[in-house]
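Given next are the chains, with one letter for each unit.
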Amino acid sequence: MLPGVMNPILLGANAVVPSTQTFSSAGTISFVVPNYNTITFTMNGAGGGGGGSQGNSGYSGTAGINGGDTTVSFGAVSLSAGGGGGGGVGLYRGSNGAGGAGGTASGGQVNTNGNPGTTGFNNSNGGSSPNGGAGGLGANRAQAGSGSAPGGGGGAPYLFSGGSSSFTQSGGGGGGGAYVLASYAAGSGPTPGSTITLTVGAAGAAGAVSIGTPGPGAAGRIIVTVA
């Protein structure tokens, strides 16, 4: 047998080939389950977009968009690393926009919710995704940071006006995506040869704004490890 060439007779029909596959583009994947001794799904939900800030009377801002859920489904099993919430909009001489909620995790052996976004002067940051990407940083009347992949929430702009009518207003940072880890031994997980559905959550878009620019969240991710 030539060096480097695997002999299919020696491997056998039920041979396990260790591998790691990473899916980081938003969308749905039809995944054919290989033979395995153990199969592990490591998942992050997508981050929410940062919220806008109205800026001045007569202008408008909008909230950030929620990040998408990252899911794995087979049989009766449903794993979900939820996407982070979009940040709220800051109102002129009114309230700061609320930070987006962190995504909710469920179904795995390890389920960790995402971290929420924050709001306020010097503090309108996106939330991080556990074992994933950091949240984007807020900015004073400027471009706020995008969430880092996978799953970080987008930052938001803030404004401070001094003088006798001092006020602050801030968009809310987007929430971070949740984290799920689930591992199965042969016979307890998806059936080898079957096709299961993987969905990578889409990044939450940034809100609209009249001062500065909010940052978008980051897409989710699924890592499938076969051993």
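Provided above is the structure to which this section pertains.
Remember, it's a predicted structure, so these values are computed and weren't measured experimentally.

Asks: Help me get a handle on the overall build of the protein, residues and values and all.
Replies: Within the protein, the secondary structure is distributed over 1 helix and 13 strands. Moving toward the C terminus, one meets the helices and strands of the protein in the order α-β-β-β-β-β-β-β-β-β-β-β-β-β. Every one of the 227 residues in the protein was classed for burial, and the buried ones make up 45%. Across the protein, contacts joining residues at least 24 apart in sequence account for 70% of those joining residues at least 6 apart. Roughly 9,600 Å² of accessible area belongs to the protein as shown, and the carbon and sulfur atoms make up 53% of that amount.

Asks: Explain the sheet that holds strand 11 (residues 179-185) residue by residue, including any values.
Replies: Pairing is antiparallel in the open sheet, where 5 strands are placed in the order 1-13-3-11-7. Looking along the sheet, the strands with just one partner apiece sit at the ends: strand 1 (19-23) and strand 7 (110-112). Recorded for the sheet is a direction-independent mean angle of 10° between the axes of neighbouring strands.

Asks: Give me the packing of aromatic side chains: which residues, what numbers.
Replies: A complete count under the given rule lists 4 aromatic pairs for this structure. Relative to Tyr 184, the ring of Phe 41 lies with its centre 6.4 Å away and its plane at 65°, an arrangement referred to as edge-to-face. With Phe 41 in strand 3 (residues 38-44) and Tyr 184 in strand 11, the pair connects residues that are 143 residues apart, well separated along the chain. Under the relative-accessibility criterion, Phe 41 is labelled buried at 0%. Through successive ring pairs, a cluster of aromatic residues spans Phe 41, Phe 74 and Tyr 184.

Asks: Go over the sheet that holds strand 12 (residues 195-200) with me, naming the residues and quoting the values.
Replies: If you walk across this open sheet you meet the 5 strands as 2-12-4-5-6, and the pairing is antiparallel. The sheet is open, and its two borders are formed by strand 2 (27-32) and strand 6 (105-106), each paired with just one other strand.

Asks: Describe the environment of Gly 147, with residues and values.
Replies: Looking at where Gly 147 falls in the secondary structure, it is placed in the loop between strand 8 (139-140) and strand 9 (157-161). Sequence-wise, Gly 147 and Leu 137 are 10 residues apart; in three dimensions their C-alpha atoms are separated by 8.3 Å. Residues in contact with Gly 147, not counting those within four places in the same chain, are Ala 134, Gly 135, Gly 136, Gly 152, Gly 153, Gly 154, Pro 216, Gly 217 and Ala 218.

Asks: Hey, could you go over the pairing of strand 13 (residues 221-226) for me, with residue numbers and the actual values?
Replies: Examined bridge by bridge, strand 1 and strand 13 share 5 bridges and lie antiparallel to one another. Residue pairing in the sheet places Phe 23 in a bridge with Ile 222 of strand 13.

Asks: So what about the environment of Asn 66? Which residues, and what values?
Replies: Within the fold, Asn 66 resides in the loop between strand 3 and strand 4 (70-74). Placed 109 residues apart in sequence, Asn 66 and Gly 175 show a C-alpha to C-alpha distance of 8.2 Å. Within polar-contact distance, the side chain of Asn 66 engages the backbone nitrogen of Gly 86 at 2.8 Å.

Asks: Please give an account of the environment of Thr 118 that cites residues and values.
Replies: Considering the arrangement of structural elements, one finds Thr 118 in the loop between strand 7 and strand 8. Along the primary structure Thr 118 and Gly 138 are separated by 20 residues, whereas in three dimensions their C-alpha atoms are 9.2 Å apart. Not counting the four nearest positions on each side in its chain, Thr 118 is found in contact with Gly 99, Asn 123, Ser 124, Asn 125, Gly 171, Gly 172 and Gly 173. Separated by 2.5 Å, the side chain of Thr 118 and the backbone oxygen of Asn 123 make a polar contact.

Asks: Any chance you could break down the nonpolar core for me, citing the residues and the numbers?
Replies: Residues Ile 39, Phe 41, Val 72 and Leu 198 are the most contacted members of the largest nonpolar core, which totals 23 residues. Elements that contribute at least two residues to this core include exactly strand 2, strand 3, strand 4, strand 5 (77-81), strand 11, strand 12 and strand 13. Excluding residues within four positions of it along the chain, Val 72 makes contact with Phe 41, Met 43, Val 77, Ser 78, Leu 79, Ile 196, Thr 197, Leu 198 and Ile 222.

Asks: Before we move on, can you summarise the side chain of Thr 42 with the specific residues and values?
Replies: Mapping Thr 42 onto the fold places it in strand 3. Residues within four places of Thr 42 in sequence aside, it is in contact with Tyr 179, Val 180, Leu 181, Arg 221, Ile 222 and Ile 223.

Asks: Describe the side chain of Thr 40, with residues and values.
Replies: With respect to the helices and strands, the residue Thr 40 is situated in strand 3. A polar atom in the side chain of Thr 40 sits 2.9 Å from the side chain of Ser 183.

Thresholds applied
- Residues numbered from 1 in each chain as written.
- Predicted model: local features only at pLDDT ≥ 70, side-chain atom pairs only at ≥ 80, totals over all residues.
- Heavy atoms only, no water.
- Helix = DSSP H or I, 4+ residues; strand = E, 2+ residues; numbered from the N terminus.
- Buried < 20%, exposed > 50% of the residue type's maximum accessible area, 1.4 Å probe, protein only.
- Contact = heavy atoms within 4.5 Å.
- Areas by Shrake-Rupley, 256 points an atom, 1.4 Å probe, with all protein chains shown as cover.
- Pairing = 2+ DSSP bridges.
- Axes fitted to C-alpha atoms, helices over the stretch in contact; angles between N-to-C directions.
- Phe/Tyr/Trp six-rings, centres within 6.5 Å; stacked < 30°, edge-to-face > 60°.
- Polar contact = N/O pair within 3.5 Å; in protein donor to acceptor, adjacent residues only side chain to side chain.
- Core = buried A, V, L, I, M, F, W, Y, C linked by side-chain atoms within 4.5 Å.

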